[in-house]
Amino acid sequence: MKYRRLGKTELNVSVIGIGTWQFGGEWGLNFSQDEVDAILDKGQELGINLIDTAECYGDHLSESFIGNYIGRRKREDWIIATKFGHHFHERFTRTDMYGAQDVLKQLDDSLKALQTDYIDLYQFHSGPDTAFDNDELWTVLDKQKQAGKIRHLGTSIGSNDNLHQTEASSKVNSEVIQVVYNRLDRVPEQRVFPSCETQDLGVLARVPLASGYLSGKYKPGAVFDNTDVRHRHDPESTRRKLEEVEQIARKEVPEGVDMAQWALAWCLRHPAVTSVIPGCKNPAQVESNASAAELVTD
Ligand SMILES: NC(=O)c1ccc[n+]([C@@H]2O[C@H](COP(=O)([O-])OP(=O)(O)OC[C@H]3O[C@@H](n4cnc5c(N)ncnc54)[C@H](OP(=O)(O)O)[C@@H]3O)[C@@H](O)[C@H]2O)c1
């Protein structure tokens, strides 16, 4: 594994992390604790130390799986990133909850679910600018930092061209940007990444496999089960993406290199990007994704 400094947080994170939206049950699979244990054990064995989760991957369900695991392992071995801003109701249904008092409750629920006293990175979860531009929210969060419940604040921007929230990071003491970035979607290179570099923000590239499409295993016309979030993607847009993936596989991926690994290493080549956080469904995917670090040159 390779490690990098997560911007001004000074956290030393593995370049490959583990995304855990999947544990909430919106990707066609319901997970058992044993399956989650096996994924996280494999990650640790291969040097991964970064987990990304959220309040609304299930109703704190993904966090509960992780907390159950961490409760039986060493807390300090992991850098845990979670998020705030929603209440989960049922599969694919959540409501926004960005008010300062709502967020305080979510923070306590996350700490409880994660079976920990502190969160390493607490991220604003892709909310609108009106919710972000609320001084009371950031003041309350700062107090939670002082109380030791949060080590660092971050922002997971919704649109990957959200310059407003990116530029305001230093003002609200948010030290990390999480953003959609992958070989099919390079928008952050234009405005968001330069701002991150200027402010010395850490950058977590989310959806680095374009929801799995960049693994190369799906062909145009692929159909997903209605319990899989990809069933909700616009079919025409998915078809175009998968056609582009076929071209990229032919023209850009070196012979003999696994496309998913290549796609992760591709994200990590940009100097603004600290780590990628691919969603993982089993230990074999963790192993394959961890190996992408071997394709990274610095
Ligand atoms: N707003 C936000 O803050 C936000 C939004 C989205 C995601 N996220 C975070 O970012 C993480 C990553 O995004 P994502 O999970 O949406 O998309 P992703 O990482 O691009 O794709 C994940 C999917 O790719 C497939 N996959 C993973 N590793 C593979 C491998 N080695 N070979 C082949 N297929 C592989 C798996 O699905 P199949 O095997 O079924 O194809 C997996 O579920 C999430 O888990 C979450 O933590 C945050």
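Residues numbered from 1 in each chain as written. Predicted model: local features only at pLDDT ≥ 70, side-chain atom pairs only at ≥ 80, totals over all residues. Heavy atoms only, no water.

## A short note on the environment of Asn-226
Structurally, the position occupied by Asn-226 is in the loop between β11 (202-206) and α9 (235-251). Distance in space between the C-alpha atoms of Asn-226 and Glu-26 is 9.4 Å, their sequence separation being 200 residues. Leaving out residues up to four positions away in the same chain, Asn-226 has contacts with Phe-92 and His-231. (Helix = DSSP H or I, 4+ residues; strand = E, 2+ residues; numbered from the N terminus. Contact = heavy atoms within 4.5 Å.)

## Topic: the nonpolar core
Ile-16, Leu-40, Tyr-122, Phe-124, Trp-138, Leu-141 and Phe-193 are the most contacted members of the largest nonpolar core, which has 73 residues in total. Take this core: its biggest share by element is nine residues, from helix α10 (residues 259-268). Ranked by size, the runner-up nonpolar core spans ten residues in total, among them Leu-6, Leu-50, Ile-79 and Val-176. (Core = buried A, V, L, I, M, F, W, Y, C linked by side-chain atoms within 4.5 Å. Buried < 20%, exposed > 50% of the residue type's maximum accessible area, 1.4 Å probe, protein only.)

## As for the side chain of Thr-227
Assignment of secondary structure puts Thr-227 in the loop between β11 and α9. For Thr-227, the side chain forms a polar contact with the side chain of Asp-225, separated by 2.4 Å. (Polar contact = N/O pair within 3.5 Å; in protein donor to acceptor, adjacent residues only side chain to side chain.)

## A short note on the pairing of strand β6 (residues 86-90)
Side chains on a regular strand alternate between the two faces of the sheet. Relative to strand β7 (residues 93-96), β6 runs antiparallel, the two being bridged by four bridges. Pairing of Phe-88 across the sheet is with Arg-94, part of β7. (Pairing = 2+ DSSP bridges.)

## Brief notes about the sheet that holds β11
Picture the strands of a sheet paired through backbone hydrogen bonds; they go either parallel or antiparallel. Taken in spatial order, the eight strands of this open sheet run β3-β4-β5-β8-β9-β10-β11-β12, and their pairing is parallel. Of all strands in the sheet, those bounded by a partner on one side alone are β3 (18-19) and β12 (275-276). Sheet topology places strand β5 (residues 79-84) next to strand β8 (residues 119-125); four bridges connect them, and they run parallel. Counterpart to Lys-83 in the pairing with β8 is Gln-123. Against the sheet, helix α3 (residues 100-114) makes contact with β5, β8 and β9 (150-156), and its axis sits at roughly 135° relative to β8, the strand it touches most. (Axes fitted to C-alpha atoms, helices over the stretch in contact; angles between N-to-C directions.)

## Some remarks on the pattern of salt bridges
A side chain with one charge can pair with a side chain of the opposite charge if their charged atoms come near. Using the criterion set out here, one finds 17 salt bridges in the structure. Note that Glu-189 and Arg-186 form a salt bridge whose closest N and O atoms lie 3.1 Å from each other. Judged by its relative accessible area of 41%, Arg-186 falls in the partly exposed class. (Salt bridge = Lys/Arg side-chain N within 4 Å of Asp/Glu carboxyl O.)

## Observations regarding the packing of aromatic side chains
Scanning all chains against the criterion turns up 14 aromatic pairs. A centroid spacing of 4.8 Å and a plane angle of 40° characterise the contact between Phe-84 and Tyr-122, whose relative ring orientation is tilted. Placement of Phe-84 in strand β5 and of Tyr-122 in strand β8 is noted, with a sequence separation of 38 residues between them. The exposure classification of Phe-84 matches that of Tyr-122, with both residues buried. Relative to Phe-124, the ring of Phe-84 has its centre 5.9 Å away and its plane inclined at 75°; by these criteria the two rings are edge-to-face. Remark: Phe-124 occurs in strand β8 and Phe-84 occurs in strand β5; sequence separation between them is 40 residues. Judged on exposure class, the residue Phe-84 and its partner Phe-124 are both buried. (Phe/Tyr/Trp six-rings, centres within 6.5 Å; stacked < 30°, edge-to-face > 60°.)

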